[in-house]
Amino acid sequence: MSVLETTVPQPANGGARSLWSSVREALRGSHQDYTTGSLNRSILLLAIPMVLEMVLESLFAVVDVFWVGRLGANAVATVGLTESLLALVFAIGLGLSLSTTAMVARRIGEKDPEDAAIAGVQAIVLGLVISLGMGIPAGIFAPQLLHLMGASPAIVAVGSGYARIALGGCGAIIMLFLNNAIFRGAGDAAIAMRLLWVSNIINLILDPLLIFGPRIGPIAFPHLGVTGAALATFTGRSIGVLYQFYRLLKGSERIRVLVRHLRLNIGVMLRLLRVSLNGMLQFAIANASWIFLVRIISVFGSNSVAGYTVAIRVVVFFVLPSWGLSNAAATLVGQNLGARQPDRAAQAVWRTGFYNMLFLGAIGIFFIVFATPVVKLFVIDPAVIPIAAVALRTFACGNIGYAYGMVMLQAFNGAGDTFTPTIVNFFGFWVLELPLAWALAVPLQLHAEGAFLAIVIAECSMAAAGIILFRQGRWKKRQI
């Protein structure tokens, strides 16, 4: 069955009109019940705004590294080391988001928007508490954290301001992820997409202004260097969060937060927290491993860290849209399990995985052929370019594995089974990837390239494990 298929068979030109009608509906916001009708159309209506949402999310990273790349290897390395520390923030934000999406989607599938709104409010309370608990100490001790990551004195001097803002303002990241998870679980993916337009436009405008400090007419902007990149991103994300709260209170036909929902519900919060802890651990295991991976790469100098940073930012730009497809699968799993249609949920996952494979496979071929011209768009240092190109080509070899792996693991999360992906991540990253990265890079003397190769081997192994476990079907019986 084609992704272009709609509920009623159409002639060629009618099918094209129906496709574009569905695209417009997806961008505008669909009113379809995702537990009935054409499954391909449901995937299309959810995937388009979710893919665009992830493209916009990845723009934060790409725009930053584009401008920061003009400041030299130390500035790029600052971004890479700080992003590795932020990986733990992303772990918590994504973990809480997974459980929120699963719970909201399940309630929407059960046709219970009242309890969906209550679940969303409890998630927001948890997110606010966690944001304050992490952001304050991380902002205070940012320079020391950079030093622990292996940053040279020169990098610490250049990057302390960047790290203070990026780490201290981590609450904006957590709340942005969390509120969008509420919209995604409800099936309001277009709202999540539109608010990221607001955030990214602000970031796109402020980045060069605050990094380089140009004078535009009578206005002279401050020349903040790499610190300006962090301030621009924090400002864009924070305004996006405010817009999210506005849309939640304004409401939609799927979900709306009313005054009566603004209270603690201990039972719902404990269920949410139980699932969230596994989700947080799942991503903490994955993202903490990236901290140690960067630590291994830093042994080979700032050029290796900078090359890795550029390559991973480019990869993330294209992998995040695939994550959007995976989010569509998670929403369909949650809503269809709520509607007691587990077979439809499973079918949605297999189809989404196939479409994701086609997309990332094509991107992988492109990167293998054009790696050097691509990285030259983001960095001008001749010592960094060849390292980044090798990293990009190596990562691209695992694209098909990434495609199926992320969809399968997100399907478990959408069902509320955050334990299975946690176990897969533990063995994939800590038992396989990190020891293999060290062995290939140091004893076998492949240097940074050995660490790059270990990433591909681990990710493909995890994809295979995810497929095997998904086929067993225990996720269909999960209650949340």
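Fair warning: this is a prediction, and the values are worked out from it, not measured in the lab. (Residues numbered from 1 in each chain as written. Predicted model: local features only at pLDDT ≥ 70, side-chain atom pairs only at ≥ 80, totals over all residues. Heavy atoms only, no water.)

Draft legend 1. Highlighting the overall build of the chain. Helix and strand counts for the chain stand at 16 helices and two strands. Rg of the C-alpha trace for the chain: 22 Å, near the compact-globule value of 23 Å for 480 residues, within the 12% margin. With the C-alpha coordinates of the chain rotated into their principal frame, the extents come out at 60 × 50 × 50 Å. Per-residue burial for the chain yields a buried fraction of 60% across its 480 residues. Considering only intrachain contacts with a sequence separation of at least 6, the fraction spanning at least 24 residues in the chain is 81%. Accessible surface, the chain as shown: approximately 18400 Å² in total, 71% of it carbon and sulfur. Across the chain, the mean location of the 33 positive side-chain charges is 3 Å away from that of the 20 negative side-chain charges. (Helix = DSSP H or I, 4+ residues; strand = E, 2+ residues; numbered from the N terminus. Rg over C-alpha atoms; globule rule 2.2 N^0.38 Å. Buried < 20%, exposed > 50% of the residue type's maximum accessible area, 1.4 Å probe, protein only. Contact = heavy atoms within 4.5 Å. Areas by Shrake-Rupley, 256 points an atom, 1.4 Å probe, with all protein chains shown as cover. Lys, Arg positive; Asp, Glu negative; His and termini not counted. Charge placed at Lys NZ, Arg CZ, Asp CG, Glu CD.)

Draft legend 2. Quick look at the state of the cysteines. All chains considered together, the criterion is met by zero disulfides. As a non-bridged cysteine, C460 has C397 as the owner of its nearest cysteine sulfur, 9.1 Å distant. When its relative accessible area of 31% is taken as the criterion, C460 is described as partly exposed. (Disulfide = S-S within 2.5 Å.)

Draft legend 3. Looking closely at the nonpolar core. The biggest cluster of nonpolar side chains holds 140 residues, and the ones touching the most others in it are L293, Y308, L392, F395 and W475. Among the elements that take part in this core, helix α3 (residues 73-109) stands out by supplying 18 residues, more than any other. Dropping the residues within four chain positions of it, F395 is found in contact with Y308, A311, I312, V315, Y402, F452, I455 and V456. Residues L19, I43, A47 and M50 belong to the second largest nonpolar core, which totals 18 residues. (Core = buried A, V, L, I, M, F, W, Y, C linked by side-chain atoms within 4.5 Å.)

Draft legend 4. Examining the packing of aromatic side chains more closely. This structure, assessed with the given rule, holds 16 aromatic pairs. Plain terms: the ring middles of Y308 and F395 are 6.5 Å apart, the flat faces sit at 85° to each other, and that makes the pair edge-to-face. Note that Y308 is positioned in helix α11 (residues 302-338) and F395 in helix α13 (residues 385-396), a separation of 87 residues in sequence. No difference in accessibility class separates Y308 from F395, as the two residues are buried. Both rings, one in F366 and one in F367, keep their centres 6.0 Å apart while their planes meet at 55°; by these two values the pair is tilted. Residue classification places F366 among the partly exposed positions, given a relative accessible area of 39%. (Phe/Tyr/Trp six-rings, centres within 6.5 Å; stacked < 30°, edge-to-face > 60°.)

Draft legend 5. Structural detail: the environment of L258. The residue L258 is located in the loop between α9 (226-250) and α10 (266-298) in this model. Once the C-alpha coordinates of L258 and A117 are considered, the two residues, 141 residues apart in sequence, prove to be 8.1 Å apart.

Draft legend 6. Inspection of the packing of α3 against helix α4 (residues 113-140) at higher detail. Where α3 contacts α4, the two axes come as close as 8 Å, and the packing angle between them is 170°. As judged from the angle between their axes, α3 and α4 are roughly antiparallel. The segment α3 lies against α4, with V89, I92, L96, T100, M103, V104, R107 and I108 engaging P113, D115, A116, A119, G120, A123, L126, G127, I130 and M134. (Axes fitted to C-alpha atoms, helices over the stretch in contact; angles between N-to-C directions. Parallel < 35°, antiparallel > 145°, perpendicular 65-115°, else oblique.)

Draft legend 7. Local environment of the packing of helix α8 (residues 189-212) against α9. As a packed pair, α8 and α9 sit with axes 8 Å apart at the nearest point and diverge in direction by 155°. With respect to each other, α8 and α9 are oriented roughly antiparallel. Crossing angle aside, the handedness with which α8 passes α9 is right-handed. Each residue belonging to the contact of α8 with α9 can be placed in one class, and the counts come to 12 nonpolar, eight polar and four charged. (Left-handed = near helix turned anticlockwise from the far one by under 90°. Nonpolar A, V, L, I, M, F, W, Y, C, P; charged D, E, K, R; others polar.)

Draft legend 8. Representation of helix α14 (residues 399-414) within the structure. A rise of 1.5 Å per residue sets the reference length of α14, with its 16 residues, at 22 Å; its end C-alpha atoms lie 22 Å apart and thus fit the reference within 8%. Among the 16 residues of α14, 15 are classified as buried, and the element is accordingly described as predominantly covered. Backbone geometry just after α14 places G416 at a positive phi near 90°. (Expected span 1.5 Å × (residues − 1).)

Draft legend 9. How the structure looks around the confidence of the model for the chain. Summary statistics for the chain give a mean pLDDT of 86 and a share of 96% for residues scoring 70 or more. The weakest mean pLDDT in the chain belongs to helix α1 (residues 12-28) at 69; the strongest belongs to helix α15 (residues 419-441) at 94. Taken as a whole, residues 1-12 scores under 50 in pLDDT and shows 18 contacts with residues more than four places along the chain or in a different chain. (pLDDT = per-residue confidence, 0-100.)

Draft legend 10. View of the side chain of S326. Mapped onto the elements of the fold, S326 is located in helix α11. Residue classification places S326 among the buried positions, given a relative accessible area of 0%. Discounting residues that sit within four places of it in the chain, S326 has contacts with N356, M406, V407 and Q410.

Draft legend 11. Quick peek at a nonpolar patch on the surface. Residues I365, F366, I368, V369 and F370 make up a contiguous nonpolar surface patch of roughly 460 Å² in combined accessible area. Looking at I368, the relative accessible area reads 37%, which means it is partly exposed. (Patch = residues over 30% accessible without salt bridge, like charges linked within 9 Å, V, L, I, M, F, W, Y side chains within 5 Å. Salt bridge = Lys/Arg side-chain N within 4 Å of Asp/Glu carboxyl O.)

Draft legend 12. How the structure looks around helix α6 (residues 153-168). Spanning 16 residues, α6 covers 21 Å between terminal C-alpha atoms, matching the ideal 22 Å at 1.5 Å per step. At G159, α6 shows its largest kink, close to 55°. Looking at α6, one finds that the buried residues are I155, V156, G159, S160, Y162, A163, A166 and L167. (Bend = angle between axes of the 7 residues up to and from the residue.)

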